[in-house]
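A closer look at the structure
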Amino acid sequence: MSDNDRPIDDYKKVDTINSSELTLTWRNLKVQINEKKKVSFCKSKVVPKLILDNVSGYAKSGECLAIIGGSGAGKSTLLNVISDKFVKEKNFETGGEVHLGTEKMDFQKYKKQVGFVMQADYFLENLTVREYFKFAVDLKKSHLKEKEKVEEVDNLLKVLKLEKAADTIVGGNLRKGISGGEKKRLNIGFELLSDPKILFLDEPTSGLDSYTSYVIVKMLRKLAREKNLLIVYTIHQPSTDIFGLFDNLCILHEGRNVYFGKSQECLEYFEAVDYKCPEDRNPMDYYIDVVKKADDEELTKLHSEFSNQKEPQIVEFIENNKTGQMIDKTSYASCCTQFFVLFKRAFFNFIRNKFAVPIRIFQIIFIAVLFILIFNKFPDDPTDPKATFNRLGGLYLLILNNFISFMQNVLLTFPAERVVYAKEYNSGLYGVVPYYFSKIIIELPFIMILPWLFIGIIYYVVQFNPDVERFFILGGCVVCVCLLGNMWGIFLGAAIPNPKLALQFAPLVFVPFLLFSGYTTNTENIGVYLKWFEYISPFRYAFEWAVWNEFDGSGYDPNPINTLNFKLGIMKCFYVMAGYVV
């Protein structure tokens, strides 16, 4: 028996269905977008555009349904609607119904039992294929023993024919890794590890060569047969060989069904309406070209034939075959297990990044040297205004630089992970809290060490307050500032997916707080209507902390603590900063 014909290994399954056959049915689906178009300089009108127009159909377990059509036909929209992943915006109108067995389709309810493979393959690029599968098993099947988990991973690697790539880094834009076809199989395997009964795929052959596309579609057909899966996927321009692997076929044009039924019956169907496929043509390319080039009269004829012949068959099937019911018996890992698994993954992903650590260390040393060159050595005459001015400027720059550096490091890296997090979180793999703390703790060594490296280089060279105790108090202040910068970076990176846009938006968030730090203006000069901003500015407390540490008990006259109207003291500022961090 060859590899291609070998049965899929029977790795453990979770019984989520109380029926051997499950059906997914949809009827009279309608999606309309109301677009505003300008008719004159100051007038606009709403123009409705139908993306899906009364589309009906079905899919059942043990078979694959392929949805094809030209660009803009509505393939991805239909897939998102029937999988309940469609995000309805204000200018959208929707109608129709989708049922999974006897119940209404609800992705949030069944997300642990329904797999959805997106068109793009999003992964952390510094992990291996085996590690990715092990990560999924640890979270999706935490009840298994370690030996069973390893067997689960090994079996899936054989199923997807990824044994040779098992210990290869996934790779990405900056690091070479596995091929596009292997990434697609990794993406599918990641969903299969939860033992889903339904699998949706958005263009699984996108960007792949014809042979790799054939391998992917053939594998999906084997999975449907041998694991009794209900599989629905969209596909663009399938080859003749791939066409031969379809079970059921849905052809869309401008949001309407042109054909729905057994794939091998479509040749006879189109021949009956005078569109016989030439022997030297790919049937799928030919039929898509037919509907694309058809005029209004020909389209009317095609839609009329479909309404008369196919639509009654679809309606009859929907009425008589709402079978199967999803029963949620799956259980994922506990919160603590999620944290440890996420921490382990984040650790390996970070330490394998060849640039992250060296660049951060270089950045700290470079800024420290620049700081020394600018300030050189503070004047030590307590009555010299320059001494006070230079020290205040140095403290302010110290806080500002460390906050921005740590925030920027996260802003440049987190958006790339955001799409991975969104995909895994939406599938119910883990919660927000374990992920957040795993990210924070991975950064903690750098937050705890790099600020001390910076302070250690500059403190005695520029001659801040020479007391050793003051050195450690200022270091603690800078560590809190770095923690705050890191957390703001995570917050902005999560809220704004585009790194460039996040960097542009960041100053709008923290600059207003900087203006109320007490350095740019005396707090007594702030108007009543803006006075409240001073009390919510973390820079206000960080800067006062640093100023008290530097000037308290010194002989500076006038003392900046008094001239800046700082009255809280170090401990109160510490408590407030700790509250911000927590």
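Whatever comes next refers back to the structure up there.
What you see is a predicted model; the values in this text were computed from it and never measured. (Residues numbered from 1 in each chain as written. Predicted model: local features only at pLDDT ≥ 70, side-chain atom pairs only at ≥ 80, totals over all residues. Heavy atoms only, no water.)

So, on to the pairing of strand S6 (residues 114–117). Neither face of S6 is left uncovered, since the one carrying Val114 and Phe116 and the one carrying Gly115 and Val117 both have all their residues buried. In terms of strand pairing, S6 meets strand S7 (residues 198–201) through 4 bridges, oriented parallel. Paired with Phe116 across the strands is Phe200, a residue of S7. (Buried < 20%, exposed > 50% of the residue type's maximum accessible area, 1.4 Å probe, protein only. Helix = DSSP H or I, 4+ residues; strand = E, 2+ residues; numbered from the N terminus. Pairing = 2+ DSSP bridges.)

Attention now moves to the packing of helix H3 (residues 129–140) against helix H11 (residues 335–351). Here H3 crosses H11 at 170°, and the two axes come no closer than 10 Å. When the axis of H3 is compared with that of H11, the two are roughly antiparallel. The segment H3 lies against H11, with Tyr132, Phe135, Asp138 and Leu139 engaging Thr337, Gln338, Val341, Leu342 and Arg345. Residue composition of the contact of H3 with H11, by class: 5 nonpolar, 2 polar and 2 charged. (Axes fitted to C-alpha atoms, helices over the stretch in contact; angles between N-to-C directions. Parallel < 35°, antiparallel > 145°, perpendicular 65-115°, else oblique. Contact = heavy atoms within 4.5 Å. Nonpolar A, V, L, I, M, F, W, Y, C, P; charged D, E, K, R; others polar.)

Looking now at the pattern of salt bridges. Enumeration according to the criterion identifies 23 salt bridges in this entry. Asp289 is the partner of Arg281 in a salt bridge, and the nearest nitrogen-oxygen pair spans 2.9 Å. For Arg281, a relative accessible area of 33% translates into the label partly exposed. Note that Arg391 is salt-bridged to Glu550, the shortest N-O span being 2.7 Å. With a gap of 159 residues between them, Arg391 in helix H13 (residues 385–426) and Glu550 in helix H18 (residues 538–551) connect regions that are remote in the sequence. A relative accessible area of 2% places Glu550 in the buried class. Sharing partners across several salt bridges, the network here consists of Lys134, Asp138, Glu146 and Lys149. (Salt bridge = Lys/Arg side-chain N within 4 Å of Asp/Glu carboxyl O.)

Another aspect to go through is the nonpolar core. Membership of the largest hydrophobic core comes to 182 residues, with the highest contact counts inside it found for Trp26 and Phe270. No other element matches H13, which puts 15 residues into this core. In this structure Trp26 touches Val55, Ser56, Gly57, Tyr58, Ala59, Leu65, Leu78, Ile82, Glu97, Val98, Phe260 and Ile318, once residues within four positions along its chain are discounted. (Core = buried A, V, L, I, M, F, W, Y, C linked by side-chain atoms within 4.5 Å.)

What follows deals with helix H6 (residues 210–227). Along its 18 residues, H6 runs 25 Å from first to last C-alpha, staying within 8% of the 26 Å computed at 1.5 Å per residue. Among all positions in H6, only Thr212, Ser213, Ile216, Val217, Met219, Leu220, Lys222, Leu223, Ala224 and Lys227 are buried. Those residues of H6 that are buried lie in contact with strand S3 (63–69), helix H4 (146–159), helix H5 (180–192), S7, strand S8 (230–234) and helix H7 (240–243). Its side-chain oxygen at 3.1 Å from the backbone nitrogen of Tyr211, Asp209 defines the N-terminal cap of H6. Asn228 occupies a position one or two residues after H6 and carries a positive phi of about 55°. (Expected span 1.5 Å × (residues − 1). Polar contact = N/O pair within 3.5 Å; in protein donor to acceptor, adjacent residues only side chain to side chain.)

Time to look at the sheet that holds S3. Reading across the sheet, the 6 strands line up as S6-S7-S8-S3-S9-S10 and stay open at both edges, with mixed pairing between neighbours. The sheet is open, and its two borders are formed by S6 and strand S10 (256–262), each paired with just one other strand. Here the average twist between neighbouring strands, direction ignored, is 15°. The sheet contacts of H5 involve S6 and S7, and relative to S6 the element is tilted by about 165°.

Together, Ile361, Phe362, Ile365, Phe366, Val369, Leu370, Leu373, Ile374 and Leu453 make up a nonpolar patch on the protein surface, roughly 840 Å² of accessible area in all. The greatest single-element share of the nonpolar patch, amounting to 8 residues, is contributed by helix H12 (residues 356–375). With respect to the helices, strands and loops of the structure, Ile365 is situated in helix H12. (Patch = residues over 30% accessible without salt bridge, like charges linked within 9 Å, V, L, I, M, F, W, Y side chains within 5 Å. Areas by Shrake-Rupley, 256 points an atom, 1.4 Å probe, with all protein chains shown as cover.)

For the rest of this paragraph, the subject is the layout of surface pockets. Roughly 1300 Å³ of volume is contained in the largest pocket. As for the largest pocket, its lining consists of 41 residues, of which Glu125, Asn126, Asn353, Thr413 and Ala416 are closest to the centre. Those elements giving two or more residues to the lining of the largest pocket turn out to be H11, H12, H13 and helix H14 (432–458). Top contributing element to the lining of the largest pocket by residue count: H13, with 9 residues. Taken together, the residues of the lining of the largest pocket sort by class into 19 nonpolar, 11 polar and 11 charged. By volume, the second largest pocket is sized at about 550 Å³. What lines the second largest pocket is a set of 22 residues, among which Asn80, Lys85, Val87, Phe116 and Met118 lie closest to the centre. (1 Å grid on protein atoms, 1.4 Å probe; cavity = no way out; pocket = protein on both sides within 12 Å on 5 of 7 lines; lining within 4 Å. Points joined across faces, edges and corners; volume = space filled by probe spheres on them.)

Below, the discussion takes up unusual backbone geometry. The backbone phi angle of Gln237 is positive, close to 50°, even though this residue is not glycine. By secondary structure assignment, the location of Gln237 is in the loop between S8 and H7. The class for Gln237 is exposed, based on a relative accessible area of 55%. Even without being a glycine, Gln463 presents a positive backbone phi close to 65°.

It is worth spelling out the packing of aromatic side chains at this point. Counted according to the given criterion, the structure contains 41 aromatic pairs. When the ring of Tyr259 is compared with that of Phe270, the centres are 6.1 Å apart and the planes differ by 40°; the resulting orientation is tilted. Of the two residues, Tyr259 sits in strand S10 while Phe270 sits in helix H8 (residues 266–272), which places them 11 residues apart along the sequence. Each member of the pair, Tyr259 as well as Phe270, is classed as buried. Between the aromatic rings of Trp545 and Phe574, the centroid separation amounts to 5.8 Å while the plane-to-plane angle is 90°, which identifies the pairing as edge-to-face. A residue pair is termed long-range when its members are at least 10 positions apart, and Trp545 in helix H18 and Phe574 in helix H20 (residues 570–581) qualify at 29 residues. Its relative accessible area of 31% is what places Phe574 among the partly exposed residues. Feature note: the residues Trp452, Tyr459, Tyr460, Phe464, Phe471 and Phe472 constitute an aromatic cluster, connected by ring pairs. The ring of Phe190 carries Lys423 above its face, with NZ or CZ at 5.5 Å from the centroid. (Phe/Tyr/Trp six-rings, centres within 6.5 Å; stacked < 30°, edge-to-face > 60°. Lys NZ or Arg CZ within 6 Å of the ring centre and 35° of its normal.)

Our focus in this paragraph is helix H1 (residues 75–82). Summarising burial for H1: 6 of the 8 residues are buried, a large majority. Within the span of H1, buried status applies to Lys75, Thr77, Leu78, Leu79, Val81 and Ile82. After H1 finishes, the residue Asp84 shows a positive phi value of roughly 65°.

Attention now goes to a negative patch on the surface. Together, Glu254, Asp295, Asp296, Glu297 and Glu298 line one region of the surface with negative charge. Relative to the helices and strands, Glu297 is located in helix H10 (residues 296–320). (Lys, Arg positive; Asp, Glu negative; His and termini not counted. Charge placed at Lys NZ, Arg CZ, Asp CG, Glu CD.)

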